[in-house]
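Descriptive structure summary
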Amino acid sequence: MKAIKNLWFILLYINFQSIYSQNLLNTNTWTVGSGSVTGFSQNGSTTENIRELGRNHVGENVILWKAIPDASSNADGGWNSSYHNINNARDYRFSVWIKKTNSKSGNTYFGCQQWQPDSSIHDYTILNFDNIAIRNPYFFVGDLPKLDRWYLLVGFIRSKNFPFGFNEGGIYDGLTGEKVLSTTDFKFSPSTTRLRHRAYLYYDTNTADRQYFYKPRLEQVNHSIMPSVNDLLSLNPDSQLTFTYDTAGNQTERFYCPDACGSAGKKTNKKETDEIVESIEPEVVNFEEQLSIFPNPTKGFVSINIGVSLLKKISSVNVYSSNSSLIRTLKVNSQDLKVDLTDMPSGIYFLHIHMNDGSNSITKKIIKN
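Calculation notes
All chains use their own residue numbering, which begins from 1 and follows the written sequence. Side-chain atom pairs in this predicted model are given and counted only at pLDDT of 80 or more, local residue features only at pLDDT of at least 70, and totals for whole chains, interfaces and linings cover all residues. The side-chain numbers reported here are obtained from all heavy atoms of the structure, hydrogens and water having been left aside. Going along the chain from the N terminus, every DSSP run of H or I of four or more residues is numbered as a helix, and every run of E of two or more is numbered as a strand. Note on exposure labels: buried denotes an accessible area under 20% of the residue type's maximum, exposed denotes more than 50%, and partly exposed covers the range between, all computed with a 1.4 Å probe on protein chains only. It only takes one pair of heavy atoms within 4.5 Å for two residues to be counted as in contact. If DSSP finds at least two bridges between two strands, the strands pair. The angle between two axes is taken between their N-to-C directions and runs from 0 to 180 degrees, where each axis is a line fitted to C-alpha atoms and a helix contributes only its stretch in contact. Take the buried Ala, Val, Leu, Ile, Met, Phe, Trp, Tyr and Cys residues and link them wherever side-chain atoms come within 4.5 Å; each set so joined is a nonpolar core.

Another point: the overall build of the protein chain. Summing up its helical and strand segments, the protein chain has 4 helices and 26 strands in all. Looking at the protein chain residue by residue over its 369 residues, the buried ones come to 44%. At a minimum sequence separation of 6, the contacts of the protein chain that also span at least 24 residues come to 65%.

Set out below in structure tokens:
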């Protein structure tokens, strides 16, 4: 029995290592100190880039990279990682944890950059989804929603063969796990060979501000071994989000309980649950939330469930292969649709929904095993 238990532990450890070793960025070089380290070149002066022990989003004591702005409106901390070789026929995911404190002066930057063999030649090899070369690609530039809160920033660069626009990246609240903002994704051109990760604080003239960075990642997308966003968030699995609504059905408040809310998800004593109460404005209907696809990945058949509000807006539903070939056109006559991919080869497919107002569309990825 002991041998079996030891074997189970070894297999679990190997699996854990295989999942988290996919990161091309090595943060083991992050030691307490200042300035650049192996794999990460400082953005701004040495005094603006400090590494120190601090708490991450789940309270662990870890090494954080801290940006300390001076009074000048320029680079104020963060890094450019080393360049890493990539396969431009595959998708890549970038991520990093960031927290800003004191004020919203300046901007948070999260992006990537392609290798330029000659700095005098503008070899811009990252594209937007209109196939326009982007000189300075950033997944996000701006202010994070709240001060003094950790956010997970996620962005994607798609394969050079990616057929159309599909923004999957986003910014996730480290406390609730909610996706609170979308980011801008890009695609490779055939000439892309190397990439680096970038995360900065810029143009902050408030010397009392601080921006903290933690656990940057750059990895090739492989859903069988890559940690999911939920894995990266490391949320308490027993936590609950509870919502309240007004008489018109608009969401008015959101409650988050780090352990568990009271019975039936109702609010309990604040001291017992340490809940966070957040008043919010009525929300616009998010049609993507009214679309579910299962099972995904699939071995053949896929069921698609469409919410009532979304169903009224749909003009057409099509399924495309990864090389943008149309393989299915679905008749939308109920909330429940089925797609048969049994005779199709393994790979990635895209469910593409056009709205009848002509202004919006939804694209979802389907993985065929």
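Our next topic: the sheet that holds strand 23 (residues 326–330). Taken in spatial order, the 4 strands make up an open sheet running 23-22-25-26, and their pairing is antiparallel. Each end of this open sheet is capped by a strand with a single partner; those strands are strand 23 and strand 26 (361–368). Strand-to-strand twist of the sheet, defined as the mean angle between neighbouring strand axes without regard to direction, takes the value 20°. Two elements, strand 25 (residues 347–355) and strand 26, share 8 bridges in a ladder whose sense is antiparallel. When the sheet's bridge partners are listed, I353 is paired in strand 26 with I362.

The next point concerns the nonpolar core. Among the nonpolar cores identified, the biggest contains 30 residues, and W79, F94, L153 and I157 are the most heavily contacted of them. Of all the elements, strand 7 (residues 92–101) adds the most residues to this core, at 4 residues. Of all hydrophobic cores here, the second largest spans 21 residues; its members include I293, I314, I327 and L337.

Read from one edge to the other, the open sheet built from 3 strands follows the order 20-21-24, with strand pairing classed as antiparallel. For this open sheet the edge positions go to strand 20 (291–294) and strand 24 (336–340), each flanked by a neighbour on one side alone. The average angle at which neighbouring strand axes cross in this sheet is 20°, direction not considered.

Purely geometric stuff here, so don't read any function into it on its own.
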